[in-house]
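A look at the structure
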Amino acid sequence: MALAAAFGAMLRTADGVRIDAAHTPNSSLGPASLDLGIVVAHGFTGTWRGLDTRRIVHVLSRYGGVVSFDFRGHGHSGGRSTVGDLEVLDVDAAVKHARAIGYRRIATVGFSMGAAVVVRHAALHGGVDGVVSVSGPARWYYRGTKPMRQVHWAIERWHGRLAARLAKRTRIAVGGWDPVPLPPYEAAALVAPTPLLIVHGDSDPFFPIEHAHQLYEHAAEPKELWIEPGYGHAEAAATPDLVRKIGHWISRTKTP
């Protein structure tokens, strides 16, 4: 499958971090179609250049133009990862870039860590017309599964941070949060009136579906919850059919 062409861009966040990004125009209606822009936020240790993310962008580009990017401390972006805290500034830079291109409606779609960030961005910064959280955590410091214990090892131990940098090109900030950022489930309560879609798999090895239910229960209308049978975690497990469903939801959803 040939992936849609992406045009590179270098963004700058409000706190001065360089963010490597790409713009993929609408593949169905052509680059002149500026009705809908979709900002895609990858998961922890991901990159917009990764094949899984590029496949997702390719499918979503049938519904609107797509801006994808590397979070701080990831891939070709500068800075260091704060694992969901200051990353809201990265999403904000991508949203502003989509607006600068000319897109009239903007939706954000985040996976795993990116899911937490797009929910927090909508709550703290606003300026978007739809939010999709895929495989996202509801709360911080969750260690109830083996994969999440491994994630905490990578974040909290020096040799874990070294392994993440060497194996995944992810540079992680040293030291804990101070103060602890607003958790996703509390942020979900502040997203309305922007429509919020929560997507989670019943086979997610990182976050059990209780996280999706916690997000949904705290969110106000308009909101939707999809529990996807057999779906695992984030970008790697997202099928084209699921991404198409998300694209269709975005294309028909408007802020009241």
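Data block above holds the structure.
Everything numeric here is computed off the predicted structure, so don't read it as measured data.

Quick word on the sheet that holds strand E8 (residues 223-228)
Taken together, the 8 strands give an open sheet; going across it, the order is E1-E2-E4-E3-E5-E6-E7-E8, and neighbouring strands pair in mixed fashion. Sheet topology places strand E1 (7-12) and E8 at the edges, where each strand pairs with a single neighbour. The average angle at which neighbouring strand axes cross in this sheet is 20°, direction not considered. Note that E1 and strand E2 (residues 18-24) share 6 bridges and pair antiparallel. Bridge pairing in E2 links Phe 7 to His 23. Taken strand by strand, helix H9 (residues 240-252) contacts strand E3 (36-41), strand E5 (105-111), strand E6 (130-134), strand E7 (196-201) and E8, and its axis lies near 170° from that of E8.

Digging into H9
Helix length check: H9, at 13 residues, gives a terminal C-alpha distance of 18 Å against a target of 18 Å (1.5 Å per residue), a fit within 8%. Buried residues of H9: Leu 242, Val 243, Ile 246, Gly 247, Trp 249 and Ile 250, and no others. One side of H9 holds all its buried residues, which, seen down the axis, span an arc of 160°. Those residues of H9 that are buried are in contact with E3, helix H1 (51-60), E5, E6, E7 and E8.

Focus on the packing of helix H2 (residues 87-101) against helix H3 (residues 113-124)
It is the contact of H2 with H3, at a shortest axis distance of 9 Å, that shows an interaxial angle of 75°. On the basis of the axis angle, H2 is roughly perpendicular to H3. On H3, the residues touching Glu 87, Val 88, Val 91, Asp 92 and Val 95 of H2 are Met 113, Val 117, Val 118, Arg 120 and His 121. Of the residues contributing to the contact of H2 with H3, the split by class is 6 nonpolar, 1 polar and 3 charged.

Here's the deal with the pairing of E3
In terms of residue burial, E3 counts as a mostly covered element, since 6 of its 6 residues are buried. Neither face of E3 is exposed, since Leu 36, Ile 38 and Val 40 on one face and Gly 37, Val 39 and Ala 41 on the opposite face are all buried. As paired strands, E3 and E5 are joined by 6 bridges and run parallel to one another. Opposite Gly 37, over in E5, you have Ile 106 as the bridge partner. Relative to strand E4 (residues 65-69), E3 is paired through 5 bridges, and the arrangement is parallel. The residue of E4 that forms the bridge with Ile 38 is Val 66. Taken together, E3, H1 and E4 form a β-α-β motif whose crossover is right-handed.

Considering the packing of aromatic side chains
Throughout the structure, instances matching the rule amount to 4 aromatic pairs. Pairing Phe 69 with Phe 71 gives two aromatic rings, centres 5.0 Å apart and planes at 80°, and the pair type is edge-to-face. Residue Phe 69 is classed as buried on the basis of its relative accessible area, which comes to 1%. A residue is classified by how much of its surface remains accessible, and Phe 71, at 0% relative accessible area, is buried. In this structure, Lys 223 packs its charged tip against the face of Tyr 216, placed 4.2 Å from the ring centre.

Some remarks on the pairing of E4
Most of E4 is tucked away, with 5 of its 5 residues classed as buried. Judged by which residues are buried, E4 turns out to be covered on both faces: Gly 65, Val 67 and Phe 69 on one side and Val 66 and Ser 68 on the other are all buried. Of the strand pairs in this sheet, E2 and E4 are connected by 4 bridges, and their pairing is antiparallel. In the strand pairing of E4, Ala 21 is matched with Phe 69.

Structural notes on the environment of Lys 254
Take Lys 254: it is sitting in the segment after H9. Sequence separation of Lys 254 and Asp 129 is 125 residues, and the distance between their C-alpha atoms is 6.2 Å. In this view, Lys 254 contacts Arg 105, Asp 129 and Pro 195; residues no more than four positions away in its chain are not counted.

Conventions and cut-offs
Residues numbered from 1 in each chain as written. Predicted model: local features only at pLDDT ≥ 70, side-chain atom pairs only at ≥ 80, totals over all residues. Heavy atoms only, no water. Pairing = 2+ DSSP bridges. Helix = DSSP H or I, 4+ residues; strand = E, 2+ residues; numbered from the N terminus. Axes fitted to C-alpha atoms, helices over the stretch in contact; angles between N-to-C directions. Contact = heavy atoms within 4.5 Å. Expected span 1.5 Å × (residues − 1). Buried < 20%, exposed > 50% of the residue type's maximum accessible area, 1.4 Å probe, protein only. Arc of directions from axis to C-beta. Parallel < 35°, antiparallel > 145°, perpendicular 65-115°, else oblique. Nonpolar A, V, L, I, M, F, W, Y, C, P; charged D, E, K, R; others polar. Right-handed = clockwise from strand over helix to strand, strands pointing away. Phe/Tyr/Trp six-rings, centres within 6.5 Å; stacked < 30°, edge-to-face > 60°. Lys NZ or Arg CZ within 6 Å of the ring centre and 35° of its normal.

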